[in-house]
There are 2 protein chains.
Amino acid sequence: MEEWTVEVHHSKTKKNKPKTDQLEFGRLFTDHMFIMDYSEPVGWHDPRIVPYEPLTIDPSAMTFHYGQSVFEGLKAYYTPEGDIQLFRPDKNLQRLNRSNDRLCIPPVDEAFVLDAIKQLVFLEREWIPTSDGTSLYIRPFIISTEPFIGVAPSHQYKLIVILSPVGAYYKEGINPVKIAVENQYVRAVKGGTGEAKTGGNYAASLKAQELCAQKGFTQVLWLDGVEKKYIEEVGSMNVFFKVNGEVITPELNGSILEGVTRNSVIQLLKHWDIPVIEKKISLDELYEAYVNGTLEEAFGTGTAAVISPIGQLSWDDKDLFINGGKTGKVAKSLYETLTGIQYGREHDPFGWVEKVNETSAVK
Amino acid sequence: MEEWTVEVHHSKTKKNKPKTDQLEFGRLFTDHMFIMDYSEPVGWHDPRIVPYEPLTIDPSAMTFHYGQSVFEGLKAYYTPEGDIQLFRPDKNLQRLNRSNDRLCIPPVDEAFVLDAIKQLVFLEREWIPTSDGTSLYIRPFIISTEPFIGVAPSHQYKLIVILSPVGAYYKEGINPVKIAVENQYVRAVKGGTGEAKTGGNYAASLKAQELCAQKGFTQVLWLDGVEKKYIEEVGSMNVFFKVNGEVITPELNGSILEGVTRNSVIQLLKHWDIPVIEKKISLDELYEAYVNGTLEEAFGTGTAAVISPIGQLSWDDKDLFINGGKTGKVAKSLYETLTGIQYGREHDPFGWVEKVNETSAVK
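Residues numbered from 1 in each chain as written. Chains lettered and ligands numbered in written order. Predicted model: local features only at pLDDT ≥ 70, side-chain atom pairs only at ≥ 80, totals over all residues. Heavy atoms only, no water.

1. Quick look at the overall build of chain A
Link 1 in the chain: Helices and strands together make up the secondary structure of chain A, namely 8 helices and 19 strands.
Link 2 in the chain: What you see for chain A is a C-alpha radius of gyration of 21 Å, in line with the 21 Å of a compact globule of 363 residues.
Link 3 in the chain: Judged by the C-alpha coordinates and their principal axes, chain A covers about 60 × 50 × 35 Å.
Link 4 in the chain: Scored against the burial criterion, the 363 residues of chain A give a buried share of 60%.
Link 5 in the chain: Put simply, 70% of the contacts in chain A that link residues at least 6 apart link residues at least 24 apart.
Link 6 in the chain: If you sum the accessible surface of chain A, you get close to 14300 Å²; carbon and sulfur atoms cover 46% of it.
Link 7 in the chain: Here chain A carries 38 positive and 49 negative side-chain charges, and the mean point of each set is 4 Å from the other. (Helix = DSSP H or I, 4+ residues; strand = E, 2+ residues; numbered from the N terminus. Rg over C-alpha atoms; globule rule 2.2 N^0.38 Å. Buried < 20%, exposed > 50% of the residue type's maximum accessible area, 1.4 Å probe, protein only. Contact = heavy atoms within 4.5 Å. Areas by Shrake-Rupley, 256 points an atom, 1.4 Å probe, with all protein chains shown as cover. Lys, Arg positive; Asp, Glu negative; His and termini not counted. Charge placed at Lys NZ, Arg CZ, Asp CG, Glu CD.)

2. Regarding the interface of chain A and chain B
Link 1 in the chain: Facing the 59 residues of chain A at the interface are 59 residues of chain B.
Link 2 in the chain: Both faces considered, chain A and chain B share a buried interface measuring about 5000 Å² in area, 64% of it formed by carbon and sulfur atoms.
Link 3 in the chain: Area buried by chain A at its contact with chain B is led by A:Pro59, A:Phe64 and A:Leu206, which between them contribute 13% of it.
Link 4 in the chain: For A:Glu146, the salt bridge goes to B:Arg27, with nearest N and O atoms at 2.9 Å.
Link 5 in the chain: The interface formed by chain A and chain B includes 20 residue pairs in polar contact (both at pLDDT 80 or more).
Link 6 in the chain: Of all the elements, helix H4 (residues 199-214) of chain A adds the most residues to the side of chain A that touches chain B, at 9 residues.
Link 7 in the chain: Grouping the amino acids of the side of chain A that touches chain B by side-chain chemistry returns 31 nonpolar, 17 polar and 11 charged. (Buried area = accessible area lost by both parts, 1.4 Å probe. Salt bridge = Lys/Arg side-chain N within 4 Å of Asp/Glu carboxyl O. Polar contact = N/O pair within 3.5 Å; in protein donor to acceptor, adjacent residues only side chain to side chain. Nonpolar A, V, L, I, M, F, W, Y, C, P; charged D, E, K, R; others polar.)

3. Looking at the relation of the copies chain A and chain B
Link 1 in the chain: Between chain A and chain B, the superposition needs a rotation of 180° and an axial shift of 0.0 Å, giving an RMSD of 0.0 Å. Between the two chains, the operation in question is that of a two-fold axis.
Link 2 in the chain: Mapped onto chain B, 100% of the interface residues of chain A are again interface residues, and the two copies thus contact each other with one and the same surface. (Least-squares fit on C-alpha atoms with pLDDT ≥ 70 in both.)

4. A look at the domain arrangement of chain A
Residue and element names in this part refer to chain A.
Link 1 in the chain: As assigned here, chain A comprises domain 1 (7-170 + 352-361) and domain 2 (177-326).
Link 2 in the chain: Computed from C-alpha coordinates alone, the two centres of domain 1 and domain 2 are separated by 28 Å.
Link 3 in the chain: Tallying the contact residues gives 20 residues for domain 1 and 21 residues for domain 2.
Link 4 in the chain: Between domain 1 and domain 2 the total buried area reaches about 1800 Å² when both faces are included, carbon and sulfur atoms providing 55% of it.
Link 5 in the chain: Viewed at the interface, domain 2 and domain 1 are joined by 1 salt bridge.
Link 6 in the chain: Here domain 1 is connected to domain 2 by 12 residue pairs in polar contact (both at pLDDT 80 or more).
Link 7 in the chain: If you list the elements that add at least two residues to the side of domain 1 that touches domain 2, you get strand S5 (69-71), strand S6 (74-78) and helix H2 (89-102).
Link 8 in the chain: Top element by residues in the side of domain 1 that touches domain 2 is H2. It accounts for 6 residues.
Link 9 in the chain: For the side of domain 1 that touches domain 2, the class distribution of residues is 8 nonpolar, 5 polar and 7 charged. (Domains from an automatic or database assignment.)

This is the structure:
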């Protein structure tokens, strides 16, 4: 695909950009989007940047019926010097193709799609907010568009990238949340689609989320679908615990999403010589650590929050107040360093950031 | 909703109707569709029959990202007397609302939607094919349309009903298929969405289906996601076995779809005084029955095929040839009686069929 170019159709109108204090997550989108089609035998074709507008899709398109779809989420940040940068976008595109494989969707050319994303972000650079903690959220997604309601992989797809300016996740500083252990509903199971970023996993999570919110919790802690004994994820984030000086996180087992932030946290901890271990973690083991006073910190990791400290973890008649309900030292350091690298305030020793500039637009 | 009426916008053009020998499943749709919208605080509103045409939906609509969608499938049949009838449509609408509940989608008025379906079918009656084994497939589905990419239940939905004339499932008579036991991939797990008719379950099934087809099998037999030991479904059908004169089927456990055909088969067997038991069925137990010669029949049940006899069941180094690879007596009787009732060739002692006629259109 190296010789391909992205055709650009400029929008004739421009929306008003929101003020910083009006920014929220995922409700407002920029003036343009990227689209590329797949059909057989051509493969992926017709990459183009077009005005952001509604899609026109047949009601029999598979995506409406059988959930054959995948997505990704990453962000573009402004540095203090006015540079635009992405954080490990190659990891998102690698995961997109892993998700594609699980969902029987044809793979995309990762380098080409990354170039297209950079070109779109550069075109929309005035939409990237500059206030502290704000960013431009990038949502690539693939939907199956063949007008056929048989249960089979689609022969037609659309890859679309939309952009949304988002406000700071923590408006009043990083803040711990209350989490309820979910023991009825299951998000994913080994052999299922848990490690793919596909709609069905999120659809499955809504009911538990709704019920826990009614009880005053922010998110649920998901247990494994087989024994309902081992910890998997928290809400739509990966989860870490600090126990007796060591940081532990559930090992990837086929039902856990391999988070880009998760991977970055592990690398950063190793870089700091803090022991970090990926392993099966039972809820019992965690409770024991709490009781004997060695459960020092708990936090979720994800693109939206980066680090989300867990101040309280509850199930049955148990309420664990972790680190006195306050943000722990490791969580705070991780948050500051990761956001520091993402926003270009700190040196990036890992080669994680990628610049977006004029050359991104010249392809 | 009793006072509601469905507004009808007639299509200005009419498509050519296919010849019987050109009919296949789910690729061709009729001239009209039914749509109803949901938004807050109004609830479901604006029920209408409109020309079949592409939907115009924002690229940020939740349905493209988080799989919050449900569907149903049923058929309209012509009787030899020229009557149009549906088979147990109330069961489909009850299940639609159960699926809605699991997916956090607001419930629909079942009686009203059934009336709307009848009105649409009556309007499109010339599309119902009349040859043996043909029918008009009815696909109600609900998609989440709020333009918001946060993970939360949508506040906007569309219920859409589309119709597709379908050919005979068995063009050369009912015929047994080869099934492979799936021991890597999982369709659903207890606590997940398996008993809801939602896209994610079908998306999860595609990979296993693709791999088994490469090995020459028609469908996979799904095992439970916890122990991978107990039989759940076959392809997208429920499954039954006849062992030593008794018919057995996996009991509903939260991860198995409650099929309308499954329910009808159980009632019909009881009506015939054939013992039928819903219970956990292990693959080991089935193998034992095969070895000692008491596994007499195996068949899947679903709206598309009605009854699909299993002639061969394979896993590891085992190939079970059931009833000599031929359709069993019970499977054949069930097929003939169920299709007899559906097509109005046989008396319906259960009150399963519902007529669609002029009065359906007068609301």
